[in-house]
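Below are the chains, spelled out letter by letter.
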Amino acid sequence: MLKAVHFGAGNIGRGFIGYLLYKSEYEITFVDISKELVESINTYKRYNVIILKDNVEKEEVKNIKAIHIEDEENLSKAIVDADIITTSVGANNLKSIGEKLRNYLKIRKANIDKPLNIMACENALFATNILKNSILEKEDKDFIEYVNQKIGFPNTAVDRIVPNVDIKKELPIDVAVEDFYEWDIDKKAIIGDLNIKGVELVADLEPYIERKLFLLNGAHATTAYLGYLKGYKYIHEAIEDDFIRNIVSGMQEEASLALSRKHNIKKDELGRYASKVIKRFKNSYLKDEVVRVGREPTRKLAGNDRLMMPAKFCYEIGVMPQFILYGIAAGLLFDYKEDPKACEIQNDIKNFGLEKTISKVTGLEENSGLLQEIVKKYKELKEAFGKR
Ligand SMILES: NC(=O)C1=CN([C@@H]2O[C@H](COP(=O)(O)OP(=O)(O)OC[C@H]3O[C@@H](n4cnc5c(N)ncnc54)[C@H](O)[C@@H]3O)[C@@H](O)[C@H]2O)C=CC1
Ligand SMILES: O=P(O)(O)OC[C@H]1O[C@](O)(CO)[C@@H](O)[C@@H]1O
């Protein structure tokens, strides 16, 4: 049986990556930083994936085990034996995972010759490259040569909404998901065979990642931040609000303009994709909280992420992306106390002022046209909804 090691046994790890790897007959070992989660997986050795729709369905994932990230002995064995390694730990944690993987891959190099593919399944552009670079950083020629010959590092785009919905579960590690999924993988970077059911192997991944990041994640973040501002708890409630829906559709149109110009994708194709995304947001079974979808605004509002990238593309082609900028402005007003990154932005605004904070978060120059427009929209939204 083929062996998979997956770092990050959270929502997407169990609800999507683990789910498809199991369907593809991989024996899965999860690796996590949470001792409690590792213990639960080793106690139950299985979990249910609950598909939230009109007629709820349940699928079982079985014969699983888990290793704690600090359990060097077992982790080393698992990495040496693996046919595939995947992650969904959050893009900010990839560097530390790469540093750990480096040592285990050296043990693998000395012990086994079979090919391996490693993929980072995170919401970020070319996340696998971040992982690969941290593995190879400061390495000698011999190791780099081994890695380049024996290990594939395909980038991917992963799409399935896996919320923290509170529903009746058989096991505490059961996970609830939407019906839809899409996992696109860069086929040029695969070494050996990679047979995962349900994935799409694509020749040019960039349009797929950007379409997903801008039209789904960008629209989701916009819905979350405006939803939070207007006092909604869930995404499905926020997207039914005409004011929010209008801005979200507008930002999708602006991002589609940028995508169609950059990748030569037909506008009506992007329109169909965008409408389907809105329909997915309306799924009331997901009970997806705006504070989950808006989490870590410093990452989501960064220059290389879901909102700033399409905004900059539009600006470069002479279009002021009014609707995307409302999303960014709303993100700067996201003052959810339990989110340390939201608090960081609020403290920076208090201590250093709005312009300096926007510049720090987005990477824009303080005197740039885009930044000045964000300031206007921030003030407008604050005036309208900031004192609720
Ligand atoms: N939830 C979703 O619908 C989707 C999430 N993603 C991406 O997947 C990644 C994970 O998201 P979720 O599953 O929602 O988060 P989550 O918080 O449910 O799961 C993350 C898991 O990674 C573990 N973890 C964190 N640091 C670790 C480390 N250094 N070593 C080992 N384990 C570690 C955590 O303990 C947790 O179990 C993120 O990059 C997210 O953007 C992508 C598509 C969909
Ligand atoms: O996982 P992130 O990047 O924090 O953002 C949440 C986003 O990821 C998803 O969980 C899945 O793509 C979306 O629900 C949402 O757009």
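Residues numbered from 1 in each chain as written. Chains lettered and ligands numbered in written order. Predicted model: local features only at pLDDT ≥ 70, side-chain atom pairs only at ≥ 80, totals over all residues. Heavy atoms only, no water.

1. A look at the overall build of the protein chain
Reasoning step 1: A tally of regular secondary structure across the protein chain gives 17 helices and 12 strands.
Reasoning step 2: Projected onto its principal axes, the C-alpha coordinates of the protein chain cover approximately 60 × 50 × 45 Å.
Reasoning step 3: A buried classification covers 57% of the 388 residues belonging to the protein chain.
Reasoning step 4: The long-range fraction of contacts in the protein chain, counting pairs at least 24 apart against all pairs at least 6 apart in sequence, stands at 74%.
Reasoning step 5: Carbon and sulfur atoms make up 47% of the accessible area of the protein chain, which amounts to about 17300 Å² in all.
Reasoning step 6: If the 60 positive side-chain charges of the protein chain are averaged to one point and the 61 negative ones to another, these points end up 1 Å apart. (Helix = DSSP H or I, 4+ residues; strand = E, 2+ residues; numbered from the N terminus. Buried < 20%, exposed > 50% of the residue type's maximum accessible area, 1.4 Å probe, protein only. Contact = heavy atoms within 4.5 Å. Areas by Shrake-Rupley, 256 points an atom, 1.4 Å probe, with all protein chains shown as cover. Lys, Arg positive; Asp, Glu negative; His and termini not counted. Charge placed at Lys NZ, Arg CZ, Asp CG, Glu CD.)

2. A short note on the pattern of salt bridges
Reasoning step 1: With the rule as written, the count across this model stands at 31 salt bridges.
Reasoning step 2: Here lysine 77 and glutamate 73 are joined by a salt bridge, their closest N and O atoms 3.8 Å apart. Highlighted residues: lysine 77 and glutamate 73, both in helix H3 (residues 72-81), separated by 4 residues, approximately one helical turn.
Reasoning step 3: Relative accessible area serves as the criterion here: at 57%, glutamate 73 is assigned to the exposed category.
Reasoning step 4: The partner of lysine 114 in a salt bridge is aspartate 83, with the nearest N and O atoms 3.2 Å apart. Highlighted residues: lysine 114 in the loop between helix H4 (94-111) and strand S7 (116-120) and aspartate 83 in the loop between H3 and strand S6 (84-87), separated in sequence by 31 residues.
Reasoning step 5: By relative accessible area, aspartate 83 is classed as buried at 17%.
Reasoning step 6: Overlapping salt bridges, with partners in common, bring together Arg46, Glu60 and Glu170 in one network. (Salt bridge = Lys/Arg side-chain N within 4 Å of Asp/Glu carboxyl O.)

Structural measurements only, silent on function.
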